[in-house]
Every structure is written in C-alpha cells, then in structure tokens.
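# Summary of the model geometry
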Amino acid sequence: MIRLMVPDIDDADVAAVEKVLRSGFLVQGENVARFENAVAAYVGARHAVAVSNCTAALYLSLIATAVGPGDIVAVSAYSWPATANVIELVGARPLFVDVEPDTFNISIEALRRVLRSNDVAAILAVHAFGAPADCDALAEVALSNDIPLIEDAACALGSTLSGRHVGTWGLTGCFSFHPRKTITTGEGGVIVTDDAEVAATCRALRNHGQDPDARMPDFILPGLNFRLTEFQGALGEVQVAKIERHIVERRRRAAIYDRLLQGSDVQIPKRVDGSRENFQSYVILLPPAAAASRSDIIAELHEDDIETTIGTYNIPATTFFRRKYGYELGAFPVTESIASQSLTLPLHHRMAAEEQEKVVQSLAKALVTTLERS
Ligand SMILES: *Cc1c(COP(=O)(O)O)cnc(C)c1O
C-alpha cells in the first residue's frame, strides 16, 4: 500500500522515548521544557507551551485571549472541525468566512466584509495544508480592528513567508504533532507566542490552573489537564531536529507531482511568491465533473493499493453547525466547491519517484473511467 503519510520514526526517536520510559519520570518535566525551547527557537517565538494536541492549543488560546460567551470569532469555513469547535466550546459564535479557490486560505476580502458588519472579537485563521495564509494582511486587519489574531497552524510547522515562520504573526500560533503532520509526537500540540502573559496563562490552563511561577503549588485559574508526557517531549525534541530535512524532501516530491500532473485536468497546489509551503498535504482539485464521483475515485485508487483521502471539511455544512446556524447552500461558494473536489495524494519521506508516477497514472485511469460513466 502506498500510504498517505508515514511518520519518520527512526532509531534515535525510539532511543529517546525508551530512555524516558526507563527513567520512571513520565509526566511533563525537563524533556517537555527542552522540546518547547526547541520549537520556540525554530520558529523564532519568545515562548512555546506544549499541550496534548493542537485542539487543546486552539482552545487555550481562546481562553487566554478572553474570548468567551457572546463573542463572535471570524474563522475559515474550510478546515478540520476542531478550528470551529473550540469557538463553540468557549461559548462564542463562529462567523464563517469563505476561502480562496487556489490557496484554500481565508479570503481577506471576505474577512474585511464580515468585519464591517459584525462586532468580531477575534480572528482565527488557518494555514490550509501547510500553505501560509496572507499573514501580513491578516495582521493588518487584526490590528486595525484592535482584535487578536490566532493562527491555526496545525499543519504548518516550518512553513514561512519571506523567511518568517507562520504562527508568529498572531497573538498565538498553534501547531499539531499528530502523525499526519510534518513531525509527530503521536498526539501533541504547542502554542507559540511573544506575549509573556498569554504564555503564563496557557501554562496554568494546561496544568489544572496551577501558577507556573509559584514555588509552592497555588491554583490561580480553573484549569484543565492538557499536558504532554515526558516521552512525547523527548520524541518531539528529536523530531524538531530533523524537520528542515523533511521539508526539503516534501517540497522535492511536491515538485515531482507538479511536473507529473502538468497538462492534466486537475488543479495543482498554488505557489505564492515568497512563501515556503511545508506540503503537510499535497491537495489537488478534481475537475468539477468528477467531484460527484470522488469516493469512487478514492476506491479505485485503493484497488491499486494507493491511499488517498478528501482535502478537509466545509465546516458550516457539517450537521452540528448546519442545524445550529441554518447554513444555506451557496453561502460559502468557494468552500463548497473545493470541499467537493479536493483530493489528498500520498506524500511521505519514504516515497519513491516511481510510486508517485504510479499514483498519477492510477488517478488518470480512475478519472477516465468515472468521467466516461457520468
Ligand atoms: C490537525 C488539525 C487540527 C487538530 O490538531 P490535533 O493535534 O489533531 O488536535 C486543527 N486544525 C487543523 C487545520 C488541523 O489540520
């Protein structure tokens, strides 16, 4: 099977985890702290706070920026549902914003429009599949409206714009270490910020509300337990050390797909001047006529031992949000069409060029059969 993604776990990763397991100290400690320092140094942020996953990172970011009941948060319509769920869970309301048809990132024009007619408390923007959103414009919009920007950079560790890492434009940036992302700790996440107060609040929130700076235990907030384990911290430190090599390898394979797909009727990922995409996923758009047959295409590729999947979700159209807010067809036209046409192709560090050729050939074959049938 040509897998969608294979995490890069080698002897050094296993040794780091084993060492911690044998030490008997398994709960958040010096290994997690070293991992945080490595992430902060890598992206160029003052503080990094490791948590159990990126959903927790987003949730704590909202609590730490005092987004709560009655607030409205502008958010990309096209994302993994966690991006909007955390807004609901702090009692706020997501105000969905359509995305761009080529980058799949939030439309700045649509964002400006909703900000004119709504009292928005924060912006939650996604870097779709690791492709940097227009951070300068987002930061400018947030600043001119005097509201915080939170970056859902779950997929985007290592992606940069003019050399600057995504996740460092917002008040907080949130990264994921799920095995589908570029580097992994099994499950895991991190909040990066330059704001000492936000960092301290997140540190308290992830650990039962305990004051991170007090010498004797003191509880200053109603917190949760969103800690990362020590063995995940040790794994993370080894993983961060190899991320640059990974990004080079992913970009090289993305370029091979670009070349193989040139002249076909699928839309390949857009490259933006000055941005370095980490290609967490290589997401193409099927021709509109093939959208209705996407699950057949995925099944046909599977017959050829190739694992593919959809891109991500039209969140307002999922049952919870549709029922709660009465979503109407046509409200987010770009999100609707790309959510139906997107297809993620396999891309990982062990993938051979011949395997990429096989994927593209199998896809071409599946497209011909489905289009003939329709
Ligand atoms: C993966 C992902 C998340 C959730 O990350 P977890 O670490 O699995 O909680 C959130 N947002 C986006 C855009 C993602 O891709």
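Residue numbers restart at each chain and count upward from 1, following the sequence in its written direction. Local features in this predicted model are restricted to residues whose pLDDT is 70 or higher, and side-chain atom pairs enter the listing and the counts only when it is 80 or higher, whereas totals over whole chains, interfaces and linings include all residues. Hydrogens and waters are ignored; side-chain quantities use all the structure's heavy atoms.

## Focus on the sheet that holds strand 1 (residues 47-51)
Here is the rule: For two strands to be treated as a pair, DSSP must find no fewer than two bridges joining them. A helix here means a DSSP run of H or I that spans at least four residues, while a strand means a run of E at least two residues long, and both kinds are numbered starting from the N terminus. Only the stretch in contact is used when fitting a helix axis, every axis being a line fitted to C-alpha atoms; angles between N-to-C directions are given from 0 to 180 degrees. Here a residue-residue contact requires only that any non-hydrogen atoms of the pair lie within 4.5 Å.
Strand order in the open sheet formed by seven strands is 1-10-9-6-5-2-4, and the pairing between neighbours is mixed. At either end of the open sheet lies a strand with only one pairing partner, and these are strand 1 and strand 4 (93-97). Taken over all neighbouring pairs, the strand axes of this sheet differ in orientation by 20° on average, direction set aside. Where strand 2 (residues 72-76) meets strand 4, five bridges bridge the pair, whose relative direction is parallel. Paired with Val-75 across the bridge in strand 4 is Phe-96. Strands strand 1, strand 9 (172-176) and strand 10 (189-193) of the sheet are contacted by helix 7 (residues 196-205), whose axis makes an angle of about 20° with strand 1.

## Topic: the pattern of salt bridges
Basically, it comes down to this: Salt-bridge detection follows one rule: a side-chain nitrogen of Lys or Arg within 4 Å of a carboxyl oxygen of Asp or Glu. Only protein chains enter the area calculation, which uses a 1.4 Å probe; residues under 20% of their type maximum are buried, those over 50% are exposed, and those in between are partly exposed.
Tallied over the full model, the rule gives 21 salt bridges. Linking Asp-296 and Arg-373 is a salt bridge whose minimum nitrogen-to-oxygen distance equals 3.8 Å. Within this pair, whereas Asp-296 is found in helix 10 (residues 294-303), its partner Arg-373 is found in helix 13 (residues 353-373), the two being separated by 77 residues in sequence. Its relative accessible area of 35% is what places Asp-296 among the partly exposed residues. Within this structure, Asp-8, Asp-10, Asp-13, Lys-242, Arg-245, Glu-249 and Arg-253 form a network of salt bridges that share partners.

## Side note on the pairing of strand 14 (residues 342-345)
Here strand 14 shows a buried face lined by Ser-342 and Thr-344 and a second buried face lined by Leu-343 and Leu-345. Of the pairings in the sheet, the one linking strand 12 (residues 282-285) to strand 14 comprises four bridges and is antiparallel in character. Looking at the pairing, Ile-284 lines up with Leu-343 of strand 14.

## Re the nonpolar core
Put simply, the rule is: Here, nonpolar core means buried Ala, Val, Leu, Ile, Met, Phe, Trp, Tyr and Cys residues that are tied together by side-chain atoms lying within 4.5 Å of each other.
Grouped together as the largest cluster of nonpolar side chains are 45 residues, with contacts concentrated most on Val-39, Leu-111, Ile-123, Leu-138, Leu-157 and Phe-175. At six residues, the largest contribution of residues to this core is made by helix 2 (residues 30-43). Those residues in contact with Phe-175 that lie beyond four places of it in its chain are Val-43, Cys-54, Ala-153, Ala-154, Ala-156, Leu-157, Val-166, Gly-167, Gly-188, Gly-189, Val-190 and Val-192. Core analysis: the second largest hydrophobic core is formed by 35 residues, Leu-62, Cys-174, Leu-205 and Ile-315 among them.

## With respect to the site of the ligand
The criterion, for reference: For this purpose, a residue is taken to be near a molecule or strand whenever a single non-hydrogen atom of the residue falls within 4 Å of it. Throughout this description, a polar contact denotes any pair of N or O atoms lying within 3.5 Å of each other; where both atoms belong to protein, one of them has to be capable of donating a hydrogen while the other can accept it, and for residues adjacent in sequence the pair is counted only when both atoms sit in side chains. Using the Shrake-Rupley algorithm and a 1.4 Å probe, accessible areas are obtained, with residue cover drawn only from the displayed protein chains.
Taken together, the neighbourhood of the ligand is formed by 13 residues, with Cys-54, Thr-55, Asp-152, Ser-176 and Lys-181 sitting nearest. Within the side chain of Thr-55, an N or O atom sits 2.6 Å from an oxygen atom of the ligand. Interatomic distance of 2.7 Å between a side-chain N/O atom of Ser-176 and an oxygen atom of the ligand. Considered on its own, the ligand offers 380 Å² of accessible surface; in the complex 88% of this is hidden by protein.

## Considerations on the packing of aromatic side chains
Applicable threshold: Between 30 and 60 degrees the pair is tilted, below 30 it is stacked and above 60 it is edge-to-face, where a pair is any two Phe, Tyr or Trp rings, Trp via its six-membered ring, whose centres lie within 6.5 Å. We call a charge positioned above a ring when the Lys NZ or Arg CZ atom is no farther than 6 Å from the ring centre and deviates by at most 35 degrees from the ring normal.
This structure, assessed with the given rule, holds 13 aromatic pairs. Each ring, one from Phe-321 and one from Tyr-325, has its centre 6.5 Å from the other, and the planes form 15°; the classification is stacked. Taken together, the positions of Phe-321 and Tyr-325, both in helix 11 (residues 319-325) and four residues apart, correspond to about one turn of that helix. One aromatic cluster is present, formed by Phe-96, Phe-320, Phe-321, Tyr-325, Tyr-327 and Phe-332 through successive ring pairs. Looking at Arg-164, its charged tip hangs above the ring of Trp-169, at a distance of 4.0 Å from the centre.

## Side note on a nonpolar patch on the surface
Our working definition: Exposure above 30% relative accessible area and the lack of any salt bridge qualify a residue for a patch; like charges then connect within 9 Å, and the nonpolar side chains Val, Leu, Ile, Met, Phe, Trp and Tyr within 5 Å.
Taken together, the side chains of Leu-21, Leu-26 and Val-27 define a hydrophobic patch exposed on the protein surface, amounting to about 250 Å² of accessible area. Residue placement: Leu-21 occurs in helix 1 (residues 11-23). Given a relative accessible area of 45%, Leu-21 falls into the partly exposed group.

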